[in-house]
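# Structural features, examined
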Amino acid sequence: MIASFIGVALALIQAKSLDPGGHNMLQPAAPQASQIEWLYWTVFWILLVVYVLMIGAFTKTAVVNRSGATGPLPIMTDEKGDRRAKWAVGTATGITVITLFVILVMSIVTGKKAAGLTSKNPVTVQVTGHQWWWEVTYPNSQADQTVTTANEIHVPIHTPIVLLTNSSDVIHSFWPPNITGKRDLIPGYSSAAWFQIDKPGIYRGQCAEFCGLQHAHMGFSIIAQSVEEFQSWEQQQLKPANEPGTPEATRGRAVFLTHSCLMCHTIRGTDAGSRLGPDLTHVASRNMIAAETLPLTAGALAGWIVDPQRIKPGVKMSPNPLAPDDLQAVVAYLQSLQ
Amino acid sequence: MAALNETTRERMTIDVSTLPSVAFGHSNTTWLANVLYMTIEGTMFALIFATYFYLRTRSSSWPPGHYPPALTFGIINAAIFIVSVIPARWVQRRAPSGDRGAIRNGLLILSLFALAATAVRVFEFTTLNCRWSDDAYSSTIWVLIGLHSGHLVTELIETVVLLFVALTPKMEGTRLADAAINSDYWYFVVVTGLLTDFMIYGTTRLL
Amino acid sequence: MAVTEPVVANERDVADAELARRLDRTWRQPKGFWGWFSNTHHTAIGLRFMVTAFVFFLLGGILAAMIRMQLIRPENSLMGPDLYNQVFTMHGATMIFLFAVPMMFQGFGVYVVPLMCGARNIAFPRLNAFSYYIYVGGALCLWGGLLTNTGPDVGWFAYVPLSGPQYSPGHRTDIWAQMITFTEVSALGVAVCIATTILRHRAPGMTLNRMPILLWEKLVLSFMVIFAMPSVMVASSLLLLDRLVGTHFFNHSEGGDVLLYQHLFWFFGHPEVYIIFLPGAAIISTLVPAFTRRRILGHTPIVLSVVATGFIGFGVWVHHMFATGLPQLSESFFTAASLMIVIPTAVQFFFWVATMWNGRIWLRLPMLWCFGFFFVFLIGGLSGVMLASVPLDTQVHDTYFIVAHFHYVLIGGALFPMFAGIYFWFPKMVGRMADETLGKWHFWLFFIGFNMTFFTMHFLGLRGMTRRVYTYLPEMHWGPLSALATAGVVFMTAGILVFLVNILRSMRMGKIAGDNPWGDFSLEWATSSPPPSYNFVHIPMVNGRNPLWDGPIDQPLIVGLRDDIRETLVTHSLDTEPQHKDEDPGPSIWPFLTALTVSAAFIGSIFTPWAVPIGAPPVVVTLIGWLWPRGHSPAPLPGRESWQH
């Protein structure tokens, strides 16, 4: 019993003292996550009361009814006590049914609030799961207005975002805990969910359905920005890749286009047009690489390109043993792709 | 040596020595086991029927790009199944009286029906008008007919084995009940066969 | 048929001793190497199920320790993702398929049920023995896979398409799928045996109204197995067909459906967890009266709760799929059903408290573990209430919050009652008492370690730690809590080691138990410890719900079962009126041989479809050997059978 109280106290302390904006469902930064957090705490307190009462009852019997007998005592009956007890059981059952009904209603109401779509100019994001990265597109009826990127999703604040889900291989699950609950990405199914973020910031998410060797390293981030910042980001993403500005970067592009890189990656404005791996047209505009595993620095890029298997064993990118000059050049080129 | 001052006590007894040692019909425990296994296998059939309809609702054309399975052998087999109920029932009715001759003949006829059904089933496989690896529809009807064929062959072997037992003096006692219960399993094969036929030949055309 | 014959008491004792000697000779269990494989007595097979299941519990525990060691700190390199994925898949598969059901349902059921019914043996003893050997075959298949680096690595539930032919090449998943076939055949066989024993072999006087709660639970469980196991058989078989012969059940580009697998799997998967929990609850209902010295309060509502749980358990499976984006209406239905299923369990809890509230608690080891169950399972059950809500579930699904939840309900709801049941029935099985002091050390070490590991996981889940990850980044701040969770393993391991020492030592040196050391009321305590191979000298007659507490000492004796052949009594399923007699087939090597041929066919079919036509004839041969009528026939009977002219 004491252990239970300590545990519960720990729970409350832990839950409150977490990093703001950390990958945490109890630190909501968006309406849906807030609604779910409210439901969580309400149900939690109800269940805590139930637990305390039940444990109290069991503890009472263990302490007060304890017999110090060394062998089996004679069988006893207590008809009056039993009659009272039956009433108590009936009452407790009735309270249980009512409590469960209340929780049912709260749950359905919260679910309806979280799922209701408001239709004032939503921004649509299509997320397609791959082993082990996220393909992100902003569909538009005009092909040259469709933004394609990977692993990093930008959204304007105060705007409903409609999330369309799909998968190109196995089942993945899109989950940004600070924003909303998770939605599975199932091949053959396209589902729509919506969310909205009202506070600018960077919100991390992670794949939440076991999808193979690098399920553990399949993260993404949602960057919520003002409408103006979002639109300028969008415009930037629509442009083709920057022309290399330095000789090193030019050499880097040449290496890229003559090695296995273009077998899997797209850089719009060049001959590289494969959709097997993430779109790299504006890779340097992102904060991280390798599905939120490594920061976008020269060293990380170099290490990743040379031997991705060492960082994420099983990932579908083969090692690229480039000569040091070539490697440096490619890194410089990629870093120029803002 | 009992203590001298121990009083003797009257004790009621229930004497079961005159109870029969063989039971027929639903009193028999093997009958119950058979019913439970039919429930298990029936659940499997039901789940595959459900799978068929589930996949059907997710598809816009059914059968997708195939002709439905050819009716001829399906109808022949359905007829064989329906008529075969007669010898099966006959064995069941003669078993409790221990009429070894009748049971032997009944099992022989039933075996022939089972053999005929199996032979026709082989032809059914060849006229399904699709291959199991074509698509989900083909996979489903092949699994349906395959599952039922497994039961058909099992029942054929069981009936033949019982027939051999009936050719020996061992067809007595609980073996008589076993022969009767075998007919119950045959009815199960017939009913699931007719349902499977309906799924394969009927729903592919009607729905 | 009832005959009143006064029998003198001391003459009866002499007659009983002579009867016991003859029964002992008739029912003698075979010895020697081949004798071991021919034994079909339920006590032997039940013990084998329990011991084998416990071995796999230990192996599954070692895998769990490996998982925790890998996760003790961020970016640990103890195991790479390939080995880790095999380890966590094997941990789940071993615990669920090779430990939980074989122990709780098959082991306890096969051992206790015939004794509790007052029968001489389980119904269909050869099928029972076969079920044991085929279970071992499945276990060897699965672990043979792991030890040859072909262990399944797609999670214990093996979702498609990850487990399909395209994303899981090789034979790893095939081994998983075939292990399912093995263990389901085993469980289904035992279900048929137990259901028939309970329905047709109960002692005269044990009407349905007087049947103990544990027998009700095992009957409900048998039917749950009968209806649920076919679903996972279908799921795994269709997966095998997709993988091995090119069908397209789950291939969405050829008309198949990915969610079909989840529906088929969870239609089995949810009843499965109740198949694991209900035996635990029944053990509690059985032990509380003995250690409270009272008849249980609410016998009928508890029985109805067990039955209700069995039914409703089939109506909640979609709550495992709340993240897939199903229509809101159907999700709400399953939320309601998932909340509704709490009610029968709550009713049982309330009646346990009510029974204990006015009783005298005798806090011996089995009761201590019952208290452990109350404290631990309740947390799991309450966190389960949270999970029934779709919005809450969309946040915590597939996180360590779920891992915490199901370990609380599985370990609390099955493992704690399992230890309670082991300490309770150990004296009956072995004839000696387990040591109380060692048992208390076992309890506290395990209780502390368990909570340290799994309570912590609630927080990890709330803080976003997803499941089935072989490592995590330092920035996630999951390190300290993960380390705490790993620390608990030390205590749990220590507790289990103490348990093993206790059992092994007590088998040789424990206090002699006698027939009924706990003063319990149920029929298994009406015979010696351990029971003779004929279980009871006379089939008992039952006079109430608590036979040894209710029945007068001079109840009618059942006489007239032959002692020169293995004769058993078959009674009516409702009122237990004696109806006819059966002959137990006795020891037989055929169940073992059939298990060998079936195992060969199953394992062969992983590698080639030809194994089916090649493997089938030996199976047929061994089945014919099994079923062919025996050489001897019983001596002529006094009366005339219906089929004798």
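About the criteria used
Residues numbered from 1 in each chain as written. Chains lettered and ligands numbered in written order. Predicted model: local features only at pLDDT ≥ 70, side-chain atom pairs only at ≥ 80, totals over all residues. Heavy atoms only, no water. Helix = DSSP H or I, 4+ residues; strand = E, 2+ residues; numbered from the N terminus. Rg over C-alpha atoms; globule rule 2.2 N^0.38 Å. Buried < 20%, exposed > 50% of the residue type's maximum accessible area, 1.4 Å probe, protein only. Contact = heavy atoms within 4.5 Å. Areas by Shrake-Rupley, 256 points an atom, 1.4 Å probe, with all protein chains shown as cover. Lys, Arg positive; Asp, Glu negative; His and termini not counted. Charge placed at Lys NZ, Arg CZ, Asp CG, Glu CD. Salt bridge = Lys/Arg side-chain N within 4 Å of Asp/Glu carboxyl O. Pairing = 2+ DSSP bridges. Axes fitted to C-alpha atoms, helices over the stretch in contact; angles between N-to-C directions. pLDDT = per-residue confidence, 0-100. Buried area = accessible area lost by both parts, 1.4 Å probe. Patch = residues over 30% accessible without salt bridge, like charges linked within 9 Å, V, L, I, M, F, W, Y side chains within 5 Å. Phe/Tyr/Trp six-rings, centres within 6.5 Å; stacked < 30°, edge-to-face > 60°. Lys NZ or Arg CZ within 6 Å of the ring centre and 35° of its normal. Expected span 1.5 Å × (residues − 1).

What follows is about the overall build of chain B. Looking only at helices and strands, chain B features five helices and one strand. When the elements of chain B are put in sequence order from the N terminus, they spell out β-α-α-α-α-α. For chain B, whose C-alpha radius of gyration is 24 Å, the value lies well above the compact-globule estimate of 17 Å for 207 residues. Relative to its 207 residues, chain B shows a buried fraction of 51%. Taking the intrachain contacts of chain B between residues at least 6 apart in sequence as the baseline, contacts between residues at least 24 apart amount to 83%. Put simply, chain B shows about 9100 Å² of open surface, and 67% of that area lies on carbon and sulfur atoms. Charge centroids of chain B, computed over 14 positive and 14 negative side chains, lie 4 Å from each other.

Here we come to the overall build of chain C. Along its length, chain C carries 19 helices and five strands. For a compact globule of 645 residues, the expected C-alpha radius of gyration is about 26 Å, and chain C comes in at 25 Å, within 12% of that figure. Across its three principal axes, chain C shows a C-alpha extent of roughly 85 × 60 × 50 Å. For chain C, the proportion of its 645 residues judged to be buried stands at 69%. The contacts of chain C with a sequence gap of at least 6 include a subset with a gap of at least 24, amounting to 80%. Summing over all exposed atoms, chain C offers an accessible surface of approximately 20100 Å²; the carbon and sulfur share of this is 69%.

For the rest of this paragraph, the subject is the pattern of salt bridges. Residue and element names in this part refer to chain C. Counted according to the given criterion, the structure contains 21 salt bridges over all chains. For Glu18, the salt bridge identified is with Arg21, shortest N-O distance 2.1 Å. A residue pair is termed a helical-turn pair when its members lie 3 or 4 positions apart in one helix, as Glu18 and Arg21 do in helix H1 (residues 9-26) at three residues. For Arg21, a relative accessible area of 53% gives the class exposed. Salt bridges here are not isolated pairs; linked through shared partners, they connect Glu18, Arg21, Arg22 and Asp563.

On to the sheet that holds strand E9 (residues 191-195) of chain A, then. All names here are of chain A. Taken in spatial order, the five strands line up as E4-E3-E2-E6-E9 in an open sheet, and their pairing is mixed. The open sheet terminates on both sides in strands that have one partner only, identified here as strand E4 (147-150) and E9. The sheet shows a mean angle of 25 degrees between the axes of neighbouring strands, direction not considered. When strand E2 (residues 123-130) meets strand E6 (residues 161-167), the two strands line up parallel, connected through seven bridges. By the bridge assignment for E6, Gln126 is matched with Leu164.

In this section: the confidence of the model for chain C. Residues and elements named next belong to chain C. In the predicted model, chain C carries a mean pLDDT of 94, and the fraction of residues at 70 or more is 96%. Across chain C, the element-wise mean pLDDT spans from 44 in strand E1 (residues 2-3) up to 98 in helix H3 (residues 42-70). Segment residues 1-8: pLDDT under 50, and 14 contacts once partners within four positions in sequence are set aside and those in other chains are kept.

Once that is clear, we can look at the interface of chain A and chain C. One widely used convention gives an interface's size as the accessible area the parts lose upon coming together. With 94 residues of chain A at the contact, the number on the chain C side is 89 residues. Both faces considered, chain A and chain C share a buried interface measuring about 7900 Å² in area, 69% of it formed by carbon and sulfur atoms. A per-residue breakdown of the area chain A buries against chain C is headed by Phe58, Met76 and Phe210 of chain A, which together make up 9% of the total. For the pair chain A and chain C, the interface holds one salt bridge.

All right, on to the interface of chain C and chain B then. Taken together, the 74 residues of chain C in the interface contact 58 residues of chain B. Roughly 5900 Å² of surface becomes buried between chain C and chain B when both sides are summed, with 66% attributable to carbon and sulfur atoms. At the junction of chain C with chain B, the criterion picks out one salt bridge. Ionic pairing is found between Asp257 of chain C and Arg58 of chain B, a salt bridge with its closest N-O pair at 2.3 Å.

All names here are of chain A. Here E4 shows a buried face lined by Val147 and Thr149 and a second buried face lined by Thr148 and Ala150. Relative to E4, strand E3 (residues 133-138) runs antiparallel, the two being bridged by four bridges. Looking at E4, one finds that Thr137 is bridged to Thr148.

The next point concerns a nonpolar patch on the surface. A cluster of nonpolar side chains, Phe53, Phe198, Leu206 and Leu207 of chain B, forms an exposed patch at the surface whose accessible area comes to about 420 Å². Exposure remark for Phe53 of chain B: the relative accessible area of 35% places this residue in the partly exposed category.

Glancing now at the environment of Val258 of chain C. With respect to the secondary-structure elements, Val258 of chain C resides in helix H8 (residues 258-292). A relative accessible area of 1% places Val258 of chain C in the buried class. Taking the C-alpha atoms as reference, Val258 of chain C lies 8.3 Å from Tyr159 of chain C; in sequence the two are 99 residues apart. Dropping the residues within four chain positions of it, Val258 of chain C is found in contact with Ile171, Ile186 and Pro187 of chain A together with Val160, Pro161 and Phe250 of chain C.

All names here are of chain B. Its place among the elements puts Pro64 in the loop between helix H1 (29-57) and helix H2 (71-94). Taking relative accessible area as the criterion, Pro64 reaches 25% and is therefore assigned partly exposed. For the pair Pro64 and Leu194, spaced 130 residues apart in the sequence, the C-alpha separation amounts to 24 Å. Setting aside residues no more than four positions away along its own chain, Pro64 makes contact with Asp135 and Tyr137.

So, on to the environment of Leu163 of chain B. All names here are of chain B. Along the chain, Leu163 falls in helix H4 (residues 136-166). Under the relative-accessibility criterion, Leu163 is labelled buried at 12%. The spatial distance from the C-alpha of Leu163 to the C-alpha of Leu110 is 9.4 Å, given a sequence separation of 53 residues. Apart from the residues within four sequence positions on either side, Leu163 is in contact with Arg104, Leu107, Leu108 and Ser111.

So, on to the packing of aromatic side chains. Evaluated as defined, the whole model comprises 95 aromatic pairs over all chains. Taking the centre distance of 5.3 Å and the plane angle of 85 degrees together, the rings of Phe250 of chain C and Tyr261 of chain C count as edge-to-face. You can see Phe250 of chain C sitting in the loop between helix H7 (213-244) and H8 and its partner Tyr261 of chain C sitting in helix H8, a full eleven residues away along the chain. The exposure class assigned to Phe250 of chain C is buried, which follows from its relative accessible area of 5%. Judged by relative accessible area, which is 0%, Tyr261 of chain C ranks as buried. The ring of Trp357 of chain C has Lys60 of chain A sitting right over it, with the charged end atom 4.0 Å from the ring centre.

A separate point is helix H3 (residues 100-126) of chain B. The periodicity of an α-helix, 3.6 residues per turn, causes residues three or four positions apart to be oriented the same way. All names here are of chain B. The first and last C-alpha atoms of H3 sit 39 Å apart over 27 residues, in line with the 39 Å expected at 1.5 Å per residue. Burial in H3 covers these residues: Ala102, Ile103, Gly106, Leu107, Leu110, Ser111, Ala114, Ala117, Thr118, Val120, Arg121 and Glu124. Where the residues of H3 are buried, they touch H2, H4 and helix H5 (174-206).

A few words now on the confidence of the model for chain B. All names here are of chain B. Put simply, chain B has an average pLDDT of 91, and 95% of its residues get 70 or more. Considering each helix and strand of chain B separately, the mean pLDDT is smallest for strand E1 (residues 13-15), with a value of 89, and largest for H1, with 97. Considering only residues more than four positions removed or in separate chains, one finds that residues 1-8, a stretch of pLDDT under 50, has six contacts.

Residues and elements named next belong to chain A. In spatial order, the strands read E5-E11-E10-E7-E8; together these five strands make up an open sheet with mixed pairing. Of all the strands in the sheet, the pair left with one neighbour each is strand E5 (152-156) and strand E8 (183-185). On average, each strand axis in the sheet is inclined to that of its neighbour by 25 degrees, with strand direction left out of account. Strand direction decides the pairing type here: strand E7 (residues 172-175) and E8, joined by three bridges, are antiparallel. Note on E8: the bridge partner recorded for Ser173 is Asp184. Running at roughly 135 degrees to E5, helix H4 (residues 227-238) makes contact with E5 and strand E11 (219-225) of the sheet.

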